[in-house]
Amino acid sequence: MPGSPGPTTGTSSARSLGQLASEFGLEHIGSLDGIEITGVTLSTGDLHPGDLYVGVPGAHRHGAEFADQAREGGAVALLTDAAGAEIAKESGLPVILVDSPRAALGDVSAWVYRTNEHAPLLFAVTGTNGKTSTSYLLEGILKQMGLVTGLSSTAERHIGDLTVVSRLTTPEASEMHALLARMRESEVRAVAVEVSAQALSRNRVDGLVFDVAGFTNLSHDHLDDYADMEEYFQAKLPLFQPDRAVRGVVSLDSPYGQRVVEASRIPVTTIKVVPPITEGTDDADWSVEILDEQAAYTEFRLSGPEGRSLVTRVPMIGWHMAADAALAIVMMVEGGFELEAIGQALDEDGGIVAYLPGRTERVSGDRGPSVFVDFGHSPDAFLNTLKAVRRFTPGKVIMLFGADGDRDTTKRPEMARVAAAGSDILVVTDHHPRFEDPETIRKTLVDAAREAYPEHEIHEVSPPEAAIRAAVALAGEGDSILWAGPGHQDYRDIRGVRTPYSAREEARAALREAGWAE
Ligand SMILES: CC(=O)N[C@H]1[C@@H](OP(=O)(O)OP(=O)(O)OC[C@H]2O[C@@H](n3ccc(=O)[nH]c3=O)[C@H](O)[C@@H]2O)O[C@H](CO)[C@@H](O)[C@@H]1O[C@H](C)C(=O)N[C@@H](C)C(=O)N[C@H](CCC(=O)O)C(=O)O
Ligand SMILES: Nc1ncnc2c1ncn2[C@@H]1O[C@H](COP(=O)(O)OP(=O)(O)OP(=O)(O)O)[C@@H](O)[C@H]1O
């Protein structure tokens, strides 16, 4: 899978550095005469010759410290703040000065990559859970409507049929605009973009105005980045302002939905599942009714204003997947598509066609226990996924999970309690320890589960390769194992080193070794 795409047209899309400085009214050090830039980046790791290197003051280093490296890699100029200019004064690169390089990055990148010219239809999805799912479902339905599509998600980025590796949920603004430029070359007409709270706080979607922004829900997560839930909630709100989106679609399935509606300054349409998930919420413009839940799909009716409705299927389990699919459809309606035309396209294919990697993905075959690998890493995600798995499990539900190291520690006890409450057997293991001691993380999880449910069967097994084998040994025909956390990921982060690792492959191997698969 290639990474960090830029346009392929090379110098034909080059822009004059002098013109950039004059258009944005920026001061500079050194001559800009005759310098042309073909791209922008804030990371030497992603540098292409001809790039403008943006030196951002980071949490650990000032990016300007890498100006020499950038020049050697082919950067033709540096854009940075006064501190960065001082650091990089010996680099020999001409310098453009700004107050905040991160805040300038989006608009500068949009100008360099000309992303506002012939822009595709842009959809943004935000919320604690369901961003990736809704984005993939949007992409799937748009494809079913015959469009060439783009996707920017935690799992992967797609340019039509080309897949590009993802490192962050939402890429830095320079990478985002490069991606959009590449999509324009591939004649992409509509793009689904996952927008994290961190992306909004760190200027990653600057220089973009989305046609439609969708809100899934808000629940406990990321309290390492935000002081409390209120600060986390406030971080989501800029997406529902006129400088970021034209219209919004807001789910009222979590109590925060109503508050997003109240705070937004763009026209907003609402949607919620009925009977409601959250009591006491206002009626929504659109409602989603679950009609049938099968192991292969969830069927739902989406009803909206003026008696409009459609019935379709999403190829995933759980009410929340129907909620995500319905949100995607209403976002498309708000983006100008006719509901009837969407319904027809879906009917022709027997429902929504989409593959969501590592989202309650069944990796087992016809024999033995069902094994699902999921990306859920918050109490609310555990709650919903466990409920969905339970519905199709005649026997025991075994929950296998660990918690992220160096990430929100406050959610761990609640994750453990929810995991115990929704399962028959708990297997606690390691996830990405990062720089934390994995044993200490496991202890927090085990203690919280034991305290809340003293009688619960709990196993502590490390490493995860052994844990999945232990879970499989505990399971039989008719039982299910939900392995929550790793989802689509193909590595484990141990002390800052990303070791190749696939939970889906480990689970398949464990099933084979137990004689449940070929
Ligand atoms: C807290 C945070 O967001 N940090 C991001 C930030 O890192 P930083 O401030 O520590 O950067 P730094 O290491 O001090 O380096 C400063 C600058 O020098 C550059 N540099 C550094 C070293 C070098 O050799 N060459 C080089 O060019 C860096 O690219 C950076 O521009 O800038 C980096 C460069 O873009 C990001 O990779 C990094 O994201 C880290 C990996 C991260 O984990 N972010 C998380 C919190 C995040 O953003 N998560 C959200 C939500 C996920 C979810 O929904 O679950 C996301 O959207 O992914
Ligand atoms: N609408 C929803 N409500 C509650 N939980 C959901 C919803 N949609 C998905 N989930 C659950 O949340 C977990 C993560 O799903 P998904 O990857 O789509 O969310 P995300 O917002 O992209 O997460 P992240 O920000 O970590 O990338 C999965 O376990 C999934 O089952």
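Treat the numbers as computed from the prediction; the structure is a model and nothing was measured. (Residues numbered from 1 in each chain as written. Chains lettered and ligands numbered in written order. Predicted model: local features only at pLDDT ≥ 70, side-chain atom pairs only at ≥ 80, totals over all residues.)

Novice: Whenever I open this one, the domain arrangement of the protein confuses me. Can you help?
Specialist: Buried accessible area, meaning the area lost when the parts come together, often serves as the stated size of an interface. Domain annotation for the protein reports domain 1 (10–113), domain 2 (121–348) and domain 3 (361–513). One C-alpha centre belongs to domain 2, the other to domain 3; they are set 27 Å apart. With 14 residues of domain 2 at the interface, the matching set in domain 3 holds 16 residues. In the side of domain 2 that touches domain 3, the residues fall into four nonpolar, seven polar and three charged. (Domains from an automatic or database assignment. Contact = placed C-beta atoms within 7 Å. Nonpolar A, V, L, I, M, F, W, Y, C, P; charged D, E, K, R; others polar.)

Novice: Sorry, what's going on with the site of ligand 2 here?
Specialist: Lining the immediate surroundings of ligand 2 are 24 residues, of which G130, K131, T132, S133 and G376 lie closest. For the shell around ligand 2, the elements supplying multiple residues, two or more each, are α5 (131–144), α10 (319–334) and α12 (379–391). No other element matches α12, which puts four residues into the shell around ligand 2. When grouped by side-chain class, the residues that make up the shell around ligand 2 number three nonpolar, 15 polar and six charged. Two domains each put at least three residues into the shell around ligand 2: domain 2 (121–348) and domain 3 (361–513). (Near = placed C-beta within 6 Å. Helix = DSSP H or I, 4+ residues; strand = E, 2+ residues; numbered from the N terminus.)

Novice: Where do I start with the site of ligand 1 in this structure?
Specialist: As a matter of local geometry, ligand 1 sits amid 20 residues, with G58, G63, L168, T169 and S196 nearest to it. There are two domains that each give the shell around ligand 1 at least three residues, and those are domain 1 (10–113) and domain 2 (121–348).

Novice: Just checking my understanding: could you explain the UniProt feature "domain: Mur ligase C-terminal" (unreviewed entry) in the protein for this structure?
Specialist: Under the local residue numbering, the UniProt record ascribes the feature "domain: Mur ligase C-terminal" (unreviewed entry) to residues 358–486. The span residues 358–486 is 38% helix and 19% strand, and its two end C-alpha atoms sit 8 Å from each other. (UniProt positions renumbered as here; feature names shortened; annotations may be inferred.)

Novice: So what exactly am I meant to see when it comes to the nonpolar core here?
Specialist: Across soluble globular proteins, nonpolar side chains have a tendency to be buried as a group. Counting residues in each nonpolar core, the largest one holds 147 residues, and the members touching the most others are L78, F123, A326, L400 and W483. At 12 residues, α10 tops the list of elements feeding residues into this core. Filtering out sequence-adjacent residues up to four positions away, L400 remains in contact with V427, T429, A467, I468, A471, I481, L482 and W483. (Core = buried A, V, L, I, M, F, W, Y, C linked by C-beta atoms within 7 Å. Buried ≥ 20, exposed ≤ 12 C-beta atoms within 10 Å, placed from the backbone.)

Novice: Looking at this structure, I do not really get the UniProt feature "domain: Mur ligase N-terminal catalytic" (unreviewed entry) in the protein. What am I missing?
Specialist: As recorded in UniProt, the feature "domain: Mur ligase N-terminal catalytic" (unreviewed entry) lies at residues 36–109. Here residues 36–109 is 28% helix and 23% strand, with 14 Å between the C-alpha atoms at its ends.

Novice: How should the packing of helix α4 (residues 101–113) against helix α6 (residues 173–185) be read in this particular structure?
Specialist: The geometry of α4 relative to α6 is characterised by a closest axis approach of 8 Å and an angle of 25 degrees between their N-to-C directions. Comparing their axes, α6 and α4 come out roughly parallel. Seen along the crossing, α4 lies across α6 with a hand that is right-handed. Along the contact surface, α4 presents L105, G106, S109, A110 and Y113, while α6 presents A173, S174, H177, A178, L180 and A181. Broken down by class, the residue content of the contact of α4 with α6 amounts to seven nonpolar, four polar and no charged. (Axes fitted to C-alpha atoms, helices over the stretch in contact; angles between N-to-C directions. Parallel < 35°, antiparallel > 145°, perpendicular 65-115°, else oblique. Left-handed = near helix turned anticlockwise from the far one by under 90°.)

Novice: So what exactly am I meant to see when it comes to the pairing of strand β13 (residues 210–215) here?
Specialist: Regular strands place their side chains on alternate faces of the sheet. Burial analysis of β13 places five of its six residues in the buried class, the great majority of the element. Of the pairings in the sheet, the one linking strand β8 (residues 121–126) to β13 comprises four bridges and is parallel in character. Of the residues in β13, the one forming a bridge with T126 is F215. Pairing analysis gives five bridges linking β13 to strand β14 (residues 245–251), with the strands arranged parallel. Bridge pairing links G214 to V249 in β14. Note that the unit made of β13, helix α8 (residues 229–236) and β14 has a crossover that is right-handed. (Pairing = 2+ DSSP bridges. Right-handed = clockwise from strand over helix to strand, strands pointing away.)

Novice: Help me understand the sheet that holds strand β18 (residues 309–314) in this model?
Specialist: On the basis of which strands lie adjacent, the open sheet formed by 11 strands has the order β11-β10-β9-β12-β8-β13-β14-β15-β16-β17-β18 and mixed pairing. Sheet topology places β11 (162–165) and β18 at the edges, where each strand pairs with a single neighbour. The mean angle between the axes of side-by-side strands here comes to 20 degrees, regardless of whether they run parallel or antiparallel. Of the pairings in the sheet, the one linking strand β17 (residues 298–303) to β18 comprises six bridges and is antiparallel in character. Opposite R301, over in β18, you have V311 as the bridge partner.

Novice: Is there a simple way to explain the packing of helix α15 (residues 464–474) against helix α16 (residues 503–513) in this structure?
Specialist: Axes are the key here: two packed helices are described by the angle between their axes and the distance separating the axes. With their axes 9 Å apart at the nearest point, α15 and α16 run at an angle of 45 degrees to one another. Classed by the angle they form, the pair α15 and α16 counts as oblique. Seen from above, α15 lies across α16 with right-handed handedness. Of the residues in α16, those in contact with P464, E465, I468, R469 and V472 of α15 are E506, A507, A510 and L511. By residue class, the composition of the contact of α15 with α16 is six nonpolar, no polar and three charged.

Novice: Honestly, the environment of S201 in this entry has me stumped. Any pointers?
Specialist: With respect to the element layout, S201 can be found in helix α7 (residues 197–201). A C-alpha to C-alpha distance of 8.4 Å links S201 and K236, two positions 35 residues apart in sequence.

Novice: Would you mind going over the pairing of β17 with me for this structure?
Specialist: By the alternation rule, side chains of β17 split into T298, F300 and L302, which are all buried, and E299, R301 and S303, of which none is buried. Across six bridges, the pairing between strand β16 (residues 286–293) and β17 is antiparallel. Bridging from a neighbouring strand, E293 pairs with T298 of β17. The antiparallel pairing of β16 with β17 creates a hairpin that spans four residues between the two strands.

Novice: Just to check I follow, could you spell out unusual backbone geometry for this structure?
Specialist: Glycine aside, a negative phi is what most residues show, and trans is what most peptide bonds show. Between V274 and the following residue, P275, the backbone shows a cis peptide bond with an omega angle of -10 degrees. Looking at the element boundaries, P275 is found in the loop between β15 (268–274) and β16. The residue H118 is not glycine, and still its phi comes out positive at about 50 degrees. Within the secondary structure layout, H118 lies in the loop between α4 and β8.

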